[in-house]
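Here is what each chain is made of, one letter per residue.
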Number of protein chains: 2
Amino acid sequence: MSIITIERKVLEKNDQVAEQNREIFRNKKIFVINMLSSPGSGKTSIIEKTIEMLTGKVKIAVIEGDVQTDLDAQRISKLNIPVIQIVTNGACHLEANLVRDAFDKIQNTGSDLLIIENVGNLVCPAAYDLGENEKVVILSVTEGDDKPLKYPAMFRKSDYLIINKIDLIPYTNCRLDTLKSNALKINPKLHIFETSCTTSEGIEEWCCWLINKVSSH
Amino acid sequence: MSIITIERKVLEKNDQVAEQNREIFRNKKIFVINMLSSPGSGKTSIIEKTIEMLTGKVKIAVIEGDVQTDLDAQRISKLNIPVIQIVTNGACHLEANLVRDAFDKIQNTGSDLLIIENVGNLVCPAAYDLGENEKVVILSVTEGDDKPLKYPAMFRKSDYLIINKIDLIPYTNCRLDTLKSNALKINPKLHIFETSCTTSEGIEEWCCWLINKVSSH
């Protein structure tokens with residue numbers, strides 16, 4: 001039982017720093033999304049596509065979270081975007097203080113939109129507020145249509161779901177209707193996007209939503 | 001820093017129970033594998049295929065670990081196999097004491113092989129010994145060939161890697177050679193299987209390995 005108590009203290013402390021982050025982001029007039037998913041659902045690919053489509057329209061900065069390596073930051077930096085890599089050295093989620101320190105290094109880049117790519121993990125990062133405006137959960141169709149039921153916290157905490165790799169549906173046993181209905185059972189307020197980074201389907205709709213959010217922020 | 005200390009205590013306690021489990025499993029002459037992966041890499045499908053192929057040859061029992069739902073246990077129980085579902089209620093990994101309690105309910109089924117399907121998470125379960133004989137990590141090709149580098153602990157702790165969904169390689173940008181070479185960079189001793197539950201490719205080789213392990217145990 002002591003573990004739960006300590007965990008609560010960790011979360012309370014994290015929530016305090018997240019609120020400070022929120023205030024910092026508000027002062028800088030930057031819209032912040034926290035992108036959450038399993039490993040390999042396509043977070044980095046969606047970010048790459050988003051940057052390509054929004055170049056000249058929205059000034060984007062990226063914070064990458066990974067257990068090890070700066071492979072994702074290398075991919076993003078090729079697109080000439082301010083990017084900071086957080087390596088958690090084994091920790092399974094980002095925390096608000098890590099994001100605060102990372103943002104400190106890119107706060108003067110005049111960005112309108114900060115995309116935080118969390119560690120690939122469909123469980124733990126759900127509990128950690130980073131100070132973001134929106135949590136966006138990504139699920140690829142290859143992961144199966146039962147995942148919202150099996151990992152409900154992430155889908156409950158997010159307001160937006162990107163169903164990715166929809167070009168692969170014909171080659172899997174994933175039923176898109178079942179996936180969506182399972183997700184909406186967990187969270188009836190979820191707004192759902194359907195995307196493929198291979199065919200670019202759905203990327204424009206996702207980017208239009210982002211532009212609206214950034215401009216009305 | 002205090003978190004790390006507590007985490008160490010949790011791990012030490014877990015390791016003690018894992019050793020007790022190992023002793024129990026030895027006395028029962030049961031071979032135990034701990035199957036680890038991201039959500040949706042195909043753990044349950046591989047277990048279903050394994051049960052189908054080994055029926056009449058090996059007596060199998062299954063422990064299912066999930067954050068929520070007993071969907072996986074429902075799938076396995078259709079194959080008339082003793083199965084226990086552990087619902088962790090939000091916890092991101094199985095621990096040795098949960099496995100001890102679950103095994104207690106199926107210890108008298110005369111099984112030769114216990115398959116433990118861990119919570120879908122490529123980070124946290126790596127740290128928790130359950131008393132198994134072998135850790136088997138599963139990675140599907142749709143997750144991308146960089147994952148062993150980004151989530152090294154899981155690949156370092158496992159002796160066996162199943163690369164699953166190889167039928168989907170033509171539809172992804174995953175390079176099988178790169179995936180294998182990245183995995184072997186992290187752990188040169190990894191034995192690698194390549195499987196597809198859709199075409200059944202590689203399932204026989206995997207099952208032959210299991211039969212050998214169980215019979216020589």
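Being a predicted model, the structure only gives us computed values, none of them experimental.

## Quick look at the sheet that holds strand β5 (residues 134–140) of chain B
Residue and element names in this part refer to chain B. Read across the open sheet, the 7 strands follow the order β3-β2-β4-β1-β5-β6-β7; overall the sheet is parallel. Of all strands in the sheet, those bounded by a partner on one side alone are β3 (83–87) and β7 (191–194). Strand-to-strand twist in this sheet, taken as the mean axis angle between neighbours without regard to direction, amounts to 20 degrees. Inspection of the sheet shows strand β6 (residues 160–164) paired to β7 by 4 bridges, in the parallel sense. By the bridge assignment, isoleucine 162 is partnered in β7 with phenylalanine 193.

## Observations regarding the packing of aromatic side chains
Residues and elements named next belong to chain A. Summed over all chains, the structure comprises 13 aromatic pairs over all chains. On the numbers, 5.0 Å between centres and 90 degrees between planes, the contact of phenylalanine 25 with phenylalanine 103 is edge-to-face. Residue phenylalanine 25 is located in helix α1 (residues 2–27), and its partner phenylalanine 103 is located in helix α4 (residues 96–104); the two are separated by 78 residues in the primary sequence. Comparing phenylalanine 25 with phenylalanine 103 shows no difference in burial state: the two are buried. Relative to tryptophan 206, the ring of phenylalanine 193 lies with its centre 5.4 Å away and its plane at 80 degrees, an arrangement referred to as edge-to-face. Taken as a pair, phenylalanine 193 in strand β7 (residues 191–194) and tryptophan 206 in helix α8 (residues 203–215) lie far apart in primary sequence, 13 residues in all. Comparing phenylalanine 193 with tryptophan 206 shows no difference in burial state: the two are buried. Within the aromatic cluster, the residues linked to one another by ring pairs are Tyr160, Phe193, Trp206 and Trp209.

## Observations regarding the confidence of the model for chain A
When pLDDT is averaged along chain A, the result is 95, and 97% of the positions lie at 70 or above. For this predicted complex, the interface confidence comes out at an ipTM of 0.91, alongside a pTM of 0.94.

## A short note on the side chain of Asn121(B)
Here Asn121(B) lies in the loop between β4 (113–117) and β5. Asn121(B) sits in the buried class, given a relative accessible area of 1%. A polar contact is formed between the side chain of Asn121(B) and the backbone oxygen of Cys92(B), at a distance of 3.2 Å. A polar side-chain atom of Asn121(B) sits 3.2 Å from the main-chain amide nitrogen of Cys124(B). Excluding residues that lie within four positions of it along the chain, Asn121(B) makes contacts with Asn121(A), Val123(A), Cys124(A), Ser37(B), Ser38(B), Pro39(B), Cys92(B) and Met154(B).

Basis of the calculations
Residues numbered from 1 in each chain as written. Chains lettered and ligands numbered in written order. Predicted model: local features only at pLDDT ≥ 70, side-chain atom pairs only at ≥ 80, totals over all residues. Heavy atoms only, no water. Pairing = 2+ DSSP bridges. Helix = DSSP H or I, 4+ residues; strand = E, 2+ residues; numbered from the N terminus. Axes fitted to C-alpha atoms, helices over the stretch in contact; angles between N-to-C directions. Phe/Tyr/Trp six-rings, centres within 6.5 Å; stacked < 30°, edge-to-face > 60°. Buried < 20%, exposed > 50% of the residue type's maximum accessible area, 1.4 Å probe, protein only. pLDDT = per-residue confidence, 0-100. Polar contact = N/O pair within 3.5 Å; in protein donor to acceptor, adjacent residues only side chain to side chain. Contact = heavy atoms within 4.5 Å.

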